[in-house]
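Coordinate inspection notes
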Amino acid sequence: MISDADRPPEERFLDEMAEGYLDGRTPDNPEPSANRSASYRHGFANGRDDLAAKPRLPAAVLRLLADQAIREDIARAEGKTSPRGQS
């Protein structure tokens, strides 16, 4: 089995996004706080969108936001400033 440290960061954050999506599909789960990754929070919001059957934005925009969330998480994990200028 491959450890998280040996996996590319993009894969780890895609997994977090999928976890957030599944959690967002469960109505009893609370909204995630800032201690969760941007990828997880993006996935959670998408899960809530699907649960409500009402997307908050067009799919193309959501894909761009997903990419941005992953870039921010990678920058944060590497100790760099995120692409939006936040640390």
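Note that the coordinates shown come from a computational prediction; the quantities given were computed from them, not determined experimentally.

If you trace the backbone, P9 turns up in helix α1 (residues 9–24). Expressed as a C-alpha distance, the spacing of P9 and R71, which sit 62 residues apart in the sequence, is 9.5 Å.

This next bit is on the environment of G20. Assignment of secondary structure puts G20 in helix α1. Judged by its relative accessible area of 0%, G20 falls in the buried class. Separated by 18 residues in sequence, G20 and A38 place their C-alpha atoms 9.8 Å apart. Other than its neighbours up to four places away in sequence, G20 contacts Y40, G43 and F44.

Rules used in this analysis
- Residues numbered from 1 in each chain as written.
- Predicted model: local features only at pLDDT ≥ 70, side-chain atom pairs only at ≥ 80, totals over all residues.
- Heavy atoms only, no water.
- Helix = DSSP H or I, 4+ residues; strand = E, 2+ residues; numbered from the N terminus.
- Buried < 20%, exposed > 50% of the residue type's maximum accessible area, 1.4 Å probe, protein only.
- Contact = heavy atoms within 4.5 Å.

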